[in-house]
Amino acid sequence: MKNNAERTNESLLARLRGNTFIRGILTLMSGTAVAQLIPIAISPLLTRLYSPSELGIFALYLSTASIVSVAATGRYELAIMLPEHDDEAGNLIRLSLIIVAALTVLATISTVAWQFCLDGTTAPWILFLPAALALAGSGQALTYWFNRKAAYGQIAKSRMAQAVIMSLVQIVGAVGGLKLYGLIGGHLCGLLASLAAYWAGFFKHPVPATAKKGDFHHLNELAKKYSNFIKYSTPMALLNIFSLNFLVYVLGMAFDTETLGHYSLANRVMNAPLMFMSSSFSAVFFERIIKSENKLAVYRKSLILNTALGAITLLPFIFLGEQIFTVIFGDEWAVAGKMTFYLAPWLLASFAVGSVSTVFSAQQKDNILLWWQLAYLAAGSIIIFVLRKM
């Protein structure tokens, strides 16, 4: 005979198994956990293979690549979730990829002109930005297609492939003496592996054949129909990613690349568990908020949950940051450990709101989020200005 506690536990497990929202989160979290743990696991090795200065320059490359890539599709990838029929969603993928291709050509011309005609002596890593834009932008569009199909396992596989290949190439690059280019090469190879995993997933979740028949006029009509994404979501996304990365540029201008390397490691280690939760949660949250009749309740519960999880995750770094970093990464990285105390509140605020910010895209009210991002960036700029005067 089963007692009440056993029956209650079995009932709870059965409800969790039947809850597609929870299952989707768990599927993505399991894959994302592996994808996040691999780079963190090799970090103690990378900090001994690469200098703080090299990691600092790599941070500048990553920040710039993130900024130019976030709007690579004109944010039309967010619209892929909205149409009732898959053929329209498929044409939105085509529209997104066309925009990626056009911006890649423009970025290639711009970076070549900057490097060889205008400057030519500094920041050679700029030449790799068009490749990052093309690979990351294409991956963003395909992620939302598989999210639309609730193919969370395929998204998880793509993220794991990216982490494994990136880590391997960065280790091999360091051993081979490539230094900074080993780090950049690892990043690009990881994006390529992620994209390859998505293309393999099309055999199981193909785009409808009718979507391939959309002519230029039809794509233009789709661009107009979902124009709020390029008008509001694009500048909002650029402001958001800049607000997350502008400390990199501030530190790069105010200090040397070694200090920037310490910040980069502290930020990456602290962000790893937050990104693990955020990337899994936000993808499923976007799908759920579109279908939910009580969107406000879903938003409130999600925001409270994110804030609580973020605070608990960051507590060890607040109180034991220096000890954690010196033990794991070596005495050379004690400065990075000290930085964690000051970074924690900033990262918590960004994590809590960022994971549920797609609610505005789901309602096509990106103008509200745009104004919020402007205020957020202004507040961050004021904080940096005050700290520099102290």
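The structure this text deals with has already been given above.
Residues numbered from 1 in each chain as written. Predicted model: local features only at pLDDT ≥ 70, side-chain atom pairs only at ≥ 80, totals over all residues. Heavy atoms only, no water.

Novice: Which parts of the structure should I look at to understand the overall build of the protein chain?
Specialist: Counting its secondary structure elements, the protein chain contains 14 helices and zero strands. In the protein chain, the succession of α and β elements from N to C terminus is α-α-α-α-α-α-α-α-α-α-α-α-α-α. Relative to its full complement of 390 residues, the protein chain shows a buried share of 49%. When contacts within the protein chain are restricted to residue pairs at least 6 apart in sequence, long-range pairs at least 24 apart make up 84% of them. About 19100 Å² of surface is accessible on the protein chain, with carbon and sulfur atoms providing 68% of the total. (Helix = DSSP H or I, 4+ residues; strand = E, 2+ residues; numbered from the N terminus. Buried < 20%, exposed > 50% of the residue type's maximum accessible area, 1.4 Å probe, protein only. Contact = heavy atoms within 4.5 Å. Areas by Shrake-Rupley, 256 points an atom, 1.4 Å probe, with all protein chains shown as cover.)

Novice: Which parts of the structure should I look at to understand the side chain of threonine 73?
Specialist: Looking at where threonine 73 falls in the secondary structure, it is placed in the loop between α3 (52–70) and α4 (86–118). Here the side chain of threonine 73 touches arginine 75 through a polar contact of 3.2 Å, landing on its backbone nitrogen. Among residues more than four places away in sequence, those in contact with threonine 73 are Ser96, Ile99, Val100, Gly137, Gln140 and Ala141. (Polar contact = N/O pair within 3.5 Å; in protein donor to acceptor, adjacent residues only side chain to side chain.)

Novice: Is there a simple way to explain the side chain of histidine 205 in this structure?
Specialist: The topology assignment puts histidine 205 in the loop between α7 (180–201) and α8 (216–225). The buried category is assigned to histidine 205, whose relative accessible area is 18%. Setting aside its immediate chain neighbours within four residues, histidine 205 contacts Trp145, Phe146, Lys149 and Ala151.

Novice: Even after reading the chapter, I still don't get the packing of aromatic side chains, so can you show me in this structure?
Specialist: Any aromatic ring pair is given by two values, namely how distant the centres are and how the planes are angled relative to each other. Under the defined criterion, the tally for this structure stands at 10 aromatic pairs. A centroid spacing of 5.2 Å and a plane angle of 15° characterise the contact between phenylalanine 146 and tyrosine 198, whose relative ring orientation is stacked. Placement of the pair is phenylalanine 146 in helix α5 (residues 129–148) and tyrosine 198 in helix α7, with a sequence separation of 52 residues. Tyrosine 198 matches phenylalanine 146 in its accessibility class, with the two residues each being buried. Three or more aromatic residues link up through ring pairs in this structure, and these residues are Phe146, Tyr198, Trp199 and Phe202. (Phe/Tyr/Trp six-rings, centres within 6.5 Å; stacked < 30°, edge-to-face > 60°.)

Novice: Can you walk me through helix α9 (residues 227–254) in this structure?
Specialist: Each α-helix winds once per 3.6 residues, and so residues spaced three or four apart point in a common direction. Spanning 28 residues, α9 covers 39 Å between terminal C-alpha atoms, matching the ideal 40 Å at 1.5 Å per step. Of all the bends in α9, the largest measures some 45° and sits at leucine 244. (Expected span 1.5 Å × (residues − 1). Bend = angle between axes of the 7 residues up to and from the residue.)

Novice: Can you walk me through a nonpolar patch on the surface in this structure?
Specialist: Taken together, the side chains of Leu45, Leu49 and Val175 present a nonpolar region at the surface, about 260 Å² in accessible area. Among the structural elements, leucine 49 can be located in helix α2 (residues 20–49). (Patch = residues over 30% accessible without salt bridge, like charges linked within 9 Å, V, L, I, M, F, W, Y side chains within 5 Å. Salt bridge = Lys/Arg side-chain N within 4 Å of Asp/Glu carboxyl O.)

Novice: Any chance you could explain the pattern of salt bridges here in plain terms?
Specialist: Pairing is possible between side chains that carry opposite charge, provided their charged atoms lie close to one another. The final tally for this structure, using the stated rule, is four salt bridges. The residue aspartate 86 makes a salt bridge to arginine 148 at a minimum N-O spacing of 2.8 Å. With aspartate 86 in helix α4 and arginine 148 in helix α5, this residue pair connects regions lying 62 residues apart in the sequence. Lysine 225 serves as the salt-bridge partner of glutamate 88, at 3.1 Å between the closest nitrogen and oxygen. With glutamate 88 in helix α4 and lysine 225 in helix α8, this residue pair connects regions lying 137 residues apart in the sequence. Each of Asp86, Arg148 and Lys149 takes part in one network of salt bridges that share partners.

Novice: Explain unusual backbone geometry here, please?
Specialist: Only a minority of non-glycine residues have a phi that is not negative, and only a minority of peptide bonds are not trans. Positioned with a positive phi, arginine 75 is a non-glycine residue whose angle comes to about 65°. When you line up the elements, arginine 75 lands in the loop between α3 and α4. Residue class for arginine 75 comes out buried when judged on its relative accessible area of 14%. Residue lysine 179 is not a glycine yet carries a positive backbone phi of 55°. Following the sequence through the fold, lysine 179 ends up in the loop between α6 (152–175) and α7. Residue classification places lysine 179 among the exposed positions, given a relative accessible area of 51%.

Novice: Would you mind going over the packing of α3 against α9 with me for this structure?
Specialist: Taken N-terminus to C-terminus, the directions of α3 and α9 make an angle of 170°; their axes are 9 Å apart at the nearest point. The pairing of α3 with α9 is recorded here as roughly antiparallel in orientation. Between α3, through Ala59, Leu60, Ser63, Thr64, Ser66, Ile67 and Val70, and α9, the contact on the second element is made entirely by Ala237, Leu238, Ile241, Phe242, Asn245, Val248 and Tyr249. Of the residues contributing to the contact of α3 with α9, the split by class is 10 nonpolar, four polar and no charged. (Axes fitted to C-alpha atoms, helices over the stretch in contact; angles between N-to-C directions. Parallel < 35°, antiparallel > 145°, perpendicular 65-115°, else oblique. Nonpolar A, V, L, I, M, F, W, Y, C, P; charged D, E, K, R; others polar.)

Novice: Can you walk me through the environment of alanine 378 in this structure?
Specialist: With respect to the helices and strands, alanine 378 occurs in helix α14 (residues 366–389). What makes alanine 378 partly exposed here is its relative accessible area of 36%.

Novice: Hey, could you run me through the environment of lysine 149 in this one?
Specialist: Following the sequence through the fold, lysine 149 ends up in the loop between α5 and α6. Note on lysine 149: relative accessible area 32%, which makes it partly exposed. Residues lysine 149 and proline 206, spaced 57 residues apart in sequence, show a C-alpha to C-alpha distance of 9.9 Å. Leave out the neighbours within four places in its chain, and lysine 149 touches Asp86 and His205. For lysine 149, the side chain forms a polar contact with the side chain of aspartate 86, separated by 2.6 Å.

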